[in-house]
Amino acid sequence: MRKKIIAGNWKMNKTLSEGIALASEVANMANDEVSSDVNLILCTPAIHLAPVSSVIKDVANVSAAAQNISEHESGAYTGDISADMVLSTGAKYVILGHSERREYHNETNAQLADRVKLALDKGLTPIFCCGESLETRESGEHVNFVNNQLKESLHHLSAEEMSKVVIAYEPIWAIGTGVTASSDQAQEMHKSIRTALADQFGAEVADGISILYGGSMKPANAQELLTQPDVDGGLIGGASLKARDFIDIAKSY
């Protein structure tokens with residue numbers, strides 16, 4: 001059975017004290033209000049990882065995630081963060097290939113292939129992001145574009161390795177714009193992604209992979225999106241910065 005996952009991507013927000021306070025709010029609310037079968041993940045800036053992991057350590061269904069790792073294990077890479085560093089904080093997940101990293105830092109599918117493999121080798125669970133721009137969608141090439149992202153960054157994995165990956169579909173045209181893909185559009189792409197994974201890794205692996213929707217999910221639209229058969233959760237941006245909104249999304253299952 002696929003995991004239900006609501007992951008909050010804080011992006012470059014919250015001071016250290018603000019982040020600890022937010023994590024504490026989420027942990028307390030999760031204990032009181034969220035079903036134990038819904039997995040909450042707080043994807044925080046690197047400076048927050050250790051204290052946030054400490055705050056949430058006694059809440060079984062809340063975990064921490066880094067927003068990126070290097071493809072290198074260690075060395076002279078000033079400003080980068082290694083998988084071992086992330087693991088040492090208590091975090092269990094890492095976002096890889098977010099559209100903002102691809103756009104602003106020119107991250108390539110080949111780099112991400114290395115990072116996914118390294119994360120898995122170290123015991124981190126990658127949340128691999130894929131998605132298309134508005135121009136690509138309007139050209140009708142969105143399915144092929146996303147399938148190519150999967151091919152170039154994930155097809156080197158074994159079926160066993162792939163079964164440990166979480167996918168997040170991000171329609172880039174719906175991130176931070178206030179525009180949300182319709183539930184039908186989200187389901188179409190999630191089903192397409194699952195079909196592509198089945199073709200490469202087999203139906204059993206594909207059926208077990210959680211595919212999250214990452215495009216302006218909020219309490220008002222969460223239930224409609226989360227009831228789609230191939231939408232297994234959300235990668236939440238702005239709404240994750242308010243504990244009440246984030247928990248209300250998690251309660252939408």
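Just above sits the structure.
Below, the structure is looked at part by part. (Residues numbered from 1 in each chain as written. Predicted model: local features only at pLDDT ≥ 70, side-chain atom pairs only at ≥ 80, totals over all residues. Heavy atoms only, no water.)

**Quick look at the overall build of the protein**
Working step 1: Secondary structure summary: the protein contains 12 helices and 8 strands in total.
Working step 2: The globule rule puts the C-alpha radius of gyration for 253 residues at 18 Å, and the 17 Å found for the protein is close to it.
Working step 3: By its C-alpha atoms, the protein is 45 × 45 × 35 Å across when sized along the principal axes.
Working step 4: Within the span of the protein, comprising 253 residues, buried residues form 52% of the whole. (Helix = DSSP H or I, 4+ residues; strand = E, 2+ residues; numbered from the N terminus. Rg over C-alpha atoms; globule rule 2.2 N^0.38 Å. Buried < 20%, exposed > 50% of the residue type's maximum accessible area, 1.4 Å probe, protein only.)

**Remarks on the pairing of strand 1 (residues 4–9)**
Working step 1: Burial analysis of strand 1 places 5 of its 6 residues in the buried class, which makes it a mostly covered element.
Working step 2: With 6 bridges connecting them, strand 1 and strand 2 (residues 38–43) associate as parallel partners. If you follow Ala7 over to strand 2, its bridge partner there is Ile41.
Working step 3: Note that the unit made of strand 1, helix 1 (residues 16–33) and strand 2 has a crossover that is right-handed. (Pairing = 2+ DSSP bridges. Right-handed = clockwise from strand over helix to strand, strands pointing away.)

**Some details on the nonpolar core**
Working step 1: Formed by 67 residues in total, the largest nonpolar core has its most connected members in Leu40, Met162 and Ile167.
Working step 2: Those residues in contact with Ile167, other than ones at most four positions away along the chain, are Phe128, Cys130, Leu150, Leu154, Met162, Ile193, Leu197, Ile209, Ser210, Ile211 and Leu212. (Core = buried A, V, L, I, M, F, W, Y, C linked by side-chain atoms within 4.5 Å. Contact = heavy atoms within 4.5 Å.)

**Topic: the pattern of salt bridges**
Working step 1: Summed over the entire model, instances satisfying the criterion amount to 16 salt bridges.
Working step 2: The closest approach of N and O atoms between Glu33 and Arg244, which form a salt bridge, is 2.5 Å. In this pair, Glu33 sits in helix 1 while Arg244 sits in helix 12 (residues 243–250), placing the two residues 211 residues apart along the sequence.
Working step 3: One connected set of salt bridges, linked through shared partners, spans Arg2, Arg194, Asp230 and Asp232. (Salt bridge = Lys/Arg side-chain N within 4 Å of Asp/Glu carboxyl O.)

**Section: helix 2 (residues 49–56)**
Working step 1: Listed as buried for helix 2 are Leu49, Val52, Ser53 and Ile56. On an axial view of helix 2, the arc spanned by its buried residues comes to 105 degrees, and they lie on one face. (Arc of directions from axis to C-beta.)

**A closer look at the packing of helix 1 against helix 2**
Working step 1: Contact pair helix 1 / helix 2: the axes reach a minimum separation of 9 Å and the direction vectors enclose 25 degrees. By the criterion of interaxial angle, the relationship of helix 1 to helix 2 is roughly parallel. As helix 1 packs across helix 2, the resulting crossing turns out to be right-handed. In this structure, helix 1 contributes Leu16, Gly19, Ile20, Ala23, Ser24 and Ala27 to the contact, and helix 2 contributes Pro51, Val52, Val55 and Ile56.
Working step 2: The class makeup of the residues in the contact of helix 1 with helix 2 is 8 nonpolar, 2 polar and no charged. (Axes fitted to C-alpha atoms, helices over the stretch in contact; angles between N-to-C directions. Parallel < 35°, antiparallel > 145°, perpendicular 65-115°, else oblique. Left-handed = near helix turned anticlockwise from the far one by under 90°. Nonpolar A, V, L, I, M, F, W, Y, C, P; charged D, E, K, R; others polar.)

**Considerations on the sheet that holds strand 1**
Working step 1: The parallel closed barrel is built from 8 strands, whose spatial order is 1-2-3-4-5-6-7-8. For this sheet, the mean inter-axis angle between neighbouring strands, taken without regard to orientation, is 30 degrees.
Working step 2: Two strands pair when backbone bridges link them, and strand 3 (residues 62–66) and strand 4 (residues 93–96) are joined in this way by 2 bridges, in the parallel orientation. Across the sheet, residue Ala65 finds its bridge partner in strand 4, namely Tyr93.
Working step 3: On top of the sheet, helix 2 reaches strand 2 and strand 3; it is set at about 170 degrees to strand 3, its chief contact.
Working step 4: Seen against the sheet, helix 12 touches strand 1, strand 2 and strand 8 (233–236) and runs at an angle of roughly 145 degrees to strand 2.

**Thoughts on the side chain of Asn61**
Working step 1: Its location among the elements puts Asn61 in the loop between helix 2 and strand 3.
Working step 2: Asn61 gets classed as buried once you look at its relative accessible area, which sits at 9%.
Working step 3: Once residues within four sequence positions are removed from consideration, Asn61 is found in contact with Val34, Ser35, Ser36, Val38, Asn39 and Leu40.

**Here we look at helix 11 (residues 219–226)**
Working step 1: Residues Asn221, Ala222, Leu225 and Leu226 constitute the buried set of helix 11. Taken end-on, helix 11 shows its buried residues confined to a sector of 130 degrees, consistent with a single buried face. Projecting away from the buried face of helix 11 at angles above 90 degrees are the exposed residues Ala220 and Gln223.
Working step 2: Packing partners of the buried residues in helix 11 comprise strand 1, helix 9 (183–201), strand 7 (211–213), strand 8 and helix 12.

Everything listed is a geometric property; what it means functionally is a separate question.
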